[in-house]
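# Coordinate inspection notes
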Amino acid sequence: MILDTILGWFSKDLGIDLGTCNTLVCVRDEGIVLNEPSVVAVRKGTNIVLSNGLAVGLVARDMLGKTPGSITAIRPLKDGVISDFEITEAMLSYFIRKVHGRSLVAPRVVIAVPSGITAVERRAVIDSAERAGARKVYLVDEPMAAGIGAGLPITEPTASMIVDIGGGTTEVAIMSLADISTCESVRIGGDNFDEALITHLKRTYNLLIGEPRAEQVKIQIGSAAPLEQELTMEVAGRDTISGLPRKIVITSEEIREALREPIAGIIETVMRTLEKAEPELAADLIENGVHLCGGGSLLRGMDTIISNATGLKVIAVEDPLSCVARGTSVYLENLEDWKDTLDQNGYTWD
Ligand code: ADP
Ligand code: MG
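Residues numbered from 1 in each chain as written. Chains lettered and ligands numbered in written order. Predicted model: local features only at pLDDT ≥ 70, side-chain atom pairs only at ≥ 80, totals over all residues. Heavy atoms only, no water.

### Quick word on the confidence of the model for the protein chain
Taken over all residues, the pLDDT of the protein chain has a mean of 89, while the share at 70 or more is 90%. This stretch, residues 344–350, has a pLDDT under 50; its non-local contacts, to residues over four places away or in other chains, come to 17 contacts. (pLDDT = per-residue confidence, 0-100. Contact = heavy atoms within 4.5 Å.)

### Observations regarding the pattern of salt bridges
If you walk through the whole model with that rule in mind, you get 15 salt bridges. Between Arg 123 and Asp 127 there is a salt bridge, with its nearest N and O atoms 3.0 Å apart. One end of the pair, Arg 123, and the other, Asp 127, are both in helix α4 (residues 119–131), four residues apart, so they sit about a helical turn from each other. Taking the shortest distance from any N to any O, the salt bridge between Glu 234 and Lys 247 comes out at 3.4 Å. With Glu 234 in strand β12 (residues 232–239) and Lys 247 in strand β13 (residues 245–251), this pair connects stretches of sequence that are 13 residues apart. On the basis of relative accessible area, Glu 234 is assigned to the partly exposed category, the value being 49%. A residue is classified by how much of its surface remains accessible, and Lys 247, at 55% relative accessible area, is exposed. A network of salt bridges, in which partner residues are shared, links Asp 13, Arg 28, Arg 108 and Glu 336. (Salt bridge = Lys/Arg side-chain N within 4 Å of Asp/Glu carboxyl O. Helix = DSSP H or I, 4+ residues; strand = E, 2+ residues; numbered from the N terminus. Buried < 20%, exposed > 50% of the residue type's maximum accessible area, 1.4 Å probe, protein only.)

### Some words on the sheet that holds strand β9 (residues 170–176)
With mixed pairing, five strands are arranged side by side in an open sheet as β10-β9-β8-β14-β15. Unpaired on one side and paired on the other, β10 (179–186) and β15 (314–316) mark the two borders of the sheet. Averaged over all adjacent pairs, the angle separating strand axes in this sheet is 20 degrees, with direction ignored. Here six bridges tie strand β8 (residues 160–165) to β9, and the two strands are oriented antiparallel to one another. For Met 161, the partnering residue across the bridge sits in β9 and is Ile 174. Contacting β8, β9, β10, β14 (290–293) and β15, helix α10 (residues 279–288) crosses the sheet at an angle of about 105 degrees to β9. (Pairing = 2+ DSSP bridges. Axes fitted to C-alpha atoms, helices over the stretch in contact; angles between N-to-C directions.)

### Describing the sheet that holds strand β11 (residues 207–208)
Read from one edge to the other, the open sheet built from three strands follows the order β11-β12-β13, with strand pairing classed as antiparallel. Looking along the sheet, the strands with just one partner apiece sit at the ends: β11 and β13. The strands touched by helix α6 (residues 190–205) within the sheet are β11, β12 and β13, with β13 carrying the most contacts at an inclination of about 110 degrees. Sitting on the sheet, helix α7 (residues 211–221) touches β12 and β13, and the angle it makes with β12 is about 170 degrees.

### Structural notes on the packing of helix α9 (residues 260–276) against helix α11 (residues 302–310)
Packing of α9 against α11 brings their axes to within 10 Å, and their N-to-C directions diverge by 45 degrees. On the basis of their axis angle, the class for α9 and α11 is oblique. Classified by chirality, the crossing of α11 by α9 is right-handed. Across the interface between the two elements, Ile 263, Ile 266, Ile 267, Val 270, Met 271 and Leu 274 of α9 pack against Met 302, Ile 305, Ile 306, Ala 309 and Thr 310 of α11. (Parallel < 35°, antiparallel > 145°, perpendicular 65-115°, else oblique. Left-handed = near helix turned anticlockwise from the far one by under 90°.)

### Thoughts on the site of ligand 1
Lining the immediate environment of ligand 1, one finds 17 residues, of which Thr 20, Cys 21, Asn 22, Glu 215 and Lys 218 sit closest. Separating an oxygen atom of ligand 1 from a backbone N or O atom of Gly 296 is a distance of 3.2 Å. Judged by its atoms lying within 2 Å of the grid points, ligand 1 is housed in the largest pocket. Contributing elements (two or more residues each) for the shell around ligand 1: α6 and α7. Tallying contributions element by element places α7 first for the shell around ligand 1, with three residues. (Near = heavy atom within 4 Å. Polar contact = N/O pair within 3.5 Å; in protein donor to acceptor, adjacent residues only side chain to side chain. 1 Å grid on protein atoms, 1.4 Å probe; cavity = no way out; pocket = protein on both sides within 12 Å on 5 of 7 lines; lining within 4 Å. Sits in = over half its atoms within 2 Å of the grid points.)

### Side note on the nonpolar core
One broad rule of soluble globular proteins: the nonpolar side chains tend to lie buried together. Met 161, Val 163, Val 217, Ile 250, Ile 263 and Met 302 are the most contacted members of the largest nonpolar core, which totals 39 residues. Among the elements that take part in this core, α6 stands out by supplying five residues, more than any other. What Met 302 contacts, discounting residues up to four positions off in sequence, is Ile 165, Phe 193, Ala 224, Ile 263, Ile 266, Leu 292, Gly 296 and Ser 297. Formed by 36 residues, the second largest nonpolar core is a distinct cluster that contains Leu 14, Val 39, Ala 134 and Val 137. (Core = buried A, V, L, I, M, F, W, Y, C linked by side-chain atoms within 4.5 Å.)

So, in structure tokens, the structure goes:
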């Protein structure tokens with residue numbers, strides 16, 4: 001115990017938001033020091049990671065499209081589950097080494113993971129972080145970290161509700177007294193909006209566009225609820241019939257229609273969580289409202305549509321992309337006090 005505290009003085013403890021889209025790392029008392037896409041470049045058709053740190057994060061993403069066809073990029077957490085353990089480990093290891101360097105004392109690491117992952121996946125995250133050089137690993141459920149990052153009173157005897165719309169998953173949780181009372185997780189997120197858009201353009205206009213362009217269109221003119229001033233945008237792609245480049249103009253109304261299905265999936269998950277809530281906690285939510293975070297929550301009108309469906313007030317948290325990472329940072333600052341509660345809740349293994 002005391003030894004652990006002393007070791008703590010000589011190592012940089014880390015907090016990691018292991019997202020399906022983006023990984024953020026913070027250092028105790030220093031804040032967020034790394035924010036990179038959760039992407040790994042591998043040799044096509046294999047899971048051999050390119051060597052020497054040239055293969056992960058920003059570097060991997062920037063390599064895409066500029067490399068020979070033998071290299072491909074993988075997002076190992078794409079669907080909110082760890083689809084590839086080895087690649088996840090390579091990614092985690094790269095990020096930990098990049099931040100921690102070759103310090104003599106290995107760091108303690110707090111990792112926020114989706115609450116829906118299985119015990120086997122939890123174990124795999126811990127093993128990966130240990131092999132990547134962590135002295136001790138603590139897992140914290142993502143909605144708890146998000147709640148803390150958003151400054152919600154999650155340790156108090158009142159309900160706090162978080163809807164975290166990430167890239168591959170949406171996590172919905174109602175918390176009170178530092179514990180999750182009800183939670184639901186669904187494998188729908190911002191990336192499904194991009195996919196829906198791609199399908200729509202292909203079906204309606206025989207126009208093929210890539211994921212980065214679809215994301216760009218979504219960010220520029222996408223919406224979940226009607227806009228005061230509807231928007232239009234020119235989109236270029238390849239005609240599926242002639243094979244030639246072509247441009248069309250699309251409207252925000254049309255995109256809203258195309259995104260209806262994944263958005264409905266998210267709303268349904270929010271409703272299901274509310275239906276399962278303890279009555280006392282449900283009552284608190286009339287006062288406290290619902291807090292929205294994650295990159296997907298930046299889609300215009302997301303708050304309006306959730307508020308319309310639930311009848312509750314919806315609050316968009318500030319800087320929704322870094323909310324979970326900021327939460328792990330608070331965990332780090334209070335690790336001495338909180339690690340025992342993490343243990344008791346079974347969130348950590350030694
Ligand atoms: P994760 O936690 O799963 O890594 P993030 O919280 O980082 O996910 O959110 C990533 C998602 O947010 C992506 O689908 C991205 O397209 C989407 N996103 C980011 N910015 C915006 C924006 N301004 N409008 C709409 N969607 C956005
Ligand atoms: Mg996230």
